[in-house]
Amino acid sequence: MSRMYVHLHDTTQRARIDFNNLASKSWEKAQENGRFHGSDDIRCDFFVIFSQLNLWLLIQLDTFLELLESNSTKISKYASFTPNDRIQFLLQCDTLNRASYCTNAMFYVEHFLNVIGSRIGVEKDGYYSYTKRFLSRLNIYDDNKFKTLNAPAQIRNSLHNNGCPDRDFEVTIRGRLYKFAKTKPIIYIDWGNLYILFDELLN
């Protein structure tokens, strides 16, 4: 097995552990909010949907690990690739999984915050400005919370902005400095960083 296959296998296995933890955590939050607020409350609903998104991802990661097996026929049923082309295809599958996860996760986060904001009088706006007003309206604003809500959104925005964020800012999360610059492609798009950013956002 080539070095690239080993790398993809190891990072996918690690992601499976991390996002299984995130799925469990969001499901526990759903149950907790269901007990306190009722199962039809947006707080319960958000965490149920977020846990389901993580379940979807775990299935994608399992499928991806199957594709990495040398005896897998899933690809060869539809296409005949050279070894190099097969690696490129697998790298693209991994990218698609990360992009899909990030896009959908941020869609659910934004919808959740918009529903709450509409009940407490926060006007809709671009996500960056909205989250600042949202946290201020709840009297829980601090710069790190604000930027933690926005870091994964910048990664999502970079998907349709040539890989670059649309704002300049920095945030320290779990002792690591994340720098976003409009002129530089984002480098925090691996599974390890996505897990940290979304786990912290969930907190």
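Source: prediction; values computed, not measured.

Colleague: Tell me about the overall build of the protein chain, and please be specific about residues and values.
Modeller: The helix and strand inventory of the protein chain stands at 6 helices and 2 strands. Reading the protein chain from its N terminus to its C terminus gives the helix and strand order α-α-α-α-α-β-β-α. C-alpha atoms of the protein chain, sized along the principal axes, occupy 55 × 45 × 30 Å. Burial analysis of the protein chain (203 residues in total) assigns 41% to the buried set. Considering only contacts within the protein chain whose residues lie at least 6 apart along the sequence, 53% involve residues at least 24 apart.

Colleague: Kindly report on the pairing of strand β2 (residues 176-180), identifying the contributing residues and their values.
Modeller: In this structure, strand β1 (residues 169-173) lies alongside β2, joined through 5 bridges in antiparallel fashion. In the strand pairing of β2, V171 is matched with Y178. Adjacent in sequence and paired antiparallel, β1 and β2 are bridged by 2 residues, among which R174 carries a positive phi angle near 55°.

Colleague: Just give me the short version of the packing of aromatic side chains, but keep the residues and values in it.
Modeller: Under the criterion given, the structure shown has 18 aromatic pairs. Ring centres of F19 and Y101 lie 5.1 Å apart, and the angle between their planes is 75°; on these two criteria the pair is classed as edge-to-face. Highlighted residues: F19 in helix α1 (residues 3-37) and Y101 in helix α3 (residues 83-119), separated in sequence by 82 residues. Using a relative accessible area of 0% as the deciding quantity, one classes Y101 as buried.

Colleague: Which residues make up helix α4 (residues 127-137), and what are the values?
Modeller: Along α4, the positions that sit buried rather than exposed are Y127, Y128, Y130, T131, F134 and L135. Buried residues along α4 cover an arc of 160° about the axis, so they all sit on one side. Buried residues along α4 sit against α3, α5 (143-158) and β1. N139 sits one or two residues past α4 and shows a positive phi near 60°.

Colleague: Summarise the pattern of salt bridges; cite the residues concerned and give the values.
Modeller: Side chains bearing opposite charge may pair, as long as their charged atoms lie close to each other. Inspection of every chain in the model, using the stated rule, returns 11 salt bridges. A salt bridge links R133 to D125, with the shortest nitrogen-to-oxygen separation between them at 3.2 Å. On the accessibility criterion, R133 (33% relative accessible area) is partly exposed. One salt bridge in this structure joins D143 and K147, with 3.0 Å as the shortest N-O distance. Here D143 pairs with K147, and both are found in helix α5, just 4 residues apart, close to one helical turn. K147 sits in the buried class, given a relative accessible area of 17%. Each of K25, R174, D199 and E200 takes part in one network of salt bridges that share partners.

Colleague: Before we move on, can you summarise the packing of α3 against α4 with the specific residues and values?
Modeller: Here α3 crosses α4 at 45°, and the two axes come no closer than 11 Å. In terms of axis orientation, α3 runs oblique to α4. By crossing handedness, the relation of α3 to α4 is classed as left-handed. Each of M106, V109, E110, L113, N114, I116, G117 and S118 in α3 lies in contact with α4, whose residues at this interface are Y127, Y130, T131 and F134. Looking at the contact of α3 with α4 residue by residue, the class counts come to 7 nonpolar, 4 polar and 1 charged.

Colleague: Can you explain the state of the cysteines? Please cite residues and give values.
Modeller: Considering all chains together, one arrives at 0 disulfides under this definition. The closest cysteine sulfur to the non-disulfide-bonded C164 is located on C102, 15 Å from its own sulfur.

Colleague: Provide a residue-level description of α1, including the pertinent values.
Modeller: With 35 residues, α1 extends 50 Å from end C-alpha to end C-alpha; this agrees with the ideal 51 Å at 1.5 Å per step. Restricting attention to buried positions, one finds in α1 the residues Y5, L8, T12, A15, D18, F19, L22, A23, S26, A30 and N33. Count one or two residues on from α1 and you reach G38, which has phi positive near 100°.

The rules behind the values
- Along every chain, residues carry numbers that run from 1 in the direction the sequence is written.
- Residue-level local features of this predicted model are given only where pLDDT is at least 70; pairs of side-chain atoms are given and counted only at 80 or more, and the full residue set underlies all totals for whole chains, interfaces and linings.
- No hydrogens and no water enter the side-chain calculation; it runs on all heavy atoms of the structure.
- Segments assigned H or I by DSSP are reported as helices when at least four residues long, segments assigned E as strands when at least two residues long, and all are numbered from the N terminus.
- Three labels apply to residues, based on accessible area from a 1.4 Å probe with only protein chains included: buried if under 20% of the type maximum, exposed if over 50%, partly exposed otherwise in between.
- Residue contacts follow a heavy-atom distance rule, with two residues in contact if any of their heavy atoms lie within 4.5 Å.
- In this analysis, strands are considered paired if DSSP registers two or more bridges between them.
- Side-chain rings of Phe, Tyr and Trp, where Trp is taken by its six-membered ring, are said to pair if the distance between their centres is within 6.5 Å; with planes under 30 degrees apart they count as stacked, over 60 as edge-to-face, and otherwise as tilted.
- The directions considered for the arc run from the helix axis to the C-beta atoms.
- We define a salt bridge as a contact between a side-chain nitrogen of Lys or Arg and a carboxyl oxygen of Asp or Glu at a distance within 4 Å.
- Axis definition: a line fit to C-alpha positions, over the contact stretch in the case of helices; interaxial angles, taken between N-to-C directions, run 0 to 180 degrees.
- Should an angle lie under 35 degrees it is considered roughly parallel, over 145 roughly antiparallel, and from 65 to 115 roughly perpendicular; all remaining angles are considered oblique.
- Should the near helix be turned anticlockwise from the far one by less than a right angle, the crossing is termed left-handed; should it be turned clockwise, right-handed.
- Here the nonpolar group is Ala, Val, Leu, Ile, Met, Phe, Trp, Tyr, Cys and Pro; Asp, Glu, Lys and Arg are the charged ones; every other residue, Gly included, is treated as polar.
- In this description, a disulfide is simply a cysteine sulfur pair whose atoms lie within 2.5 Å.
- By this rule the span expected of a helix is its residue count minus one, scaled by 1.5 Å.

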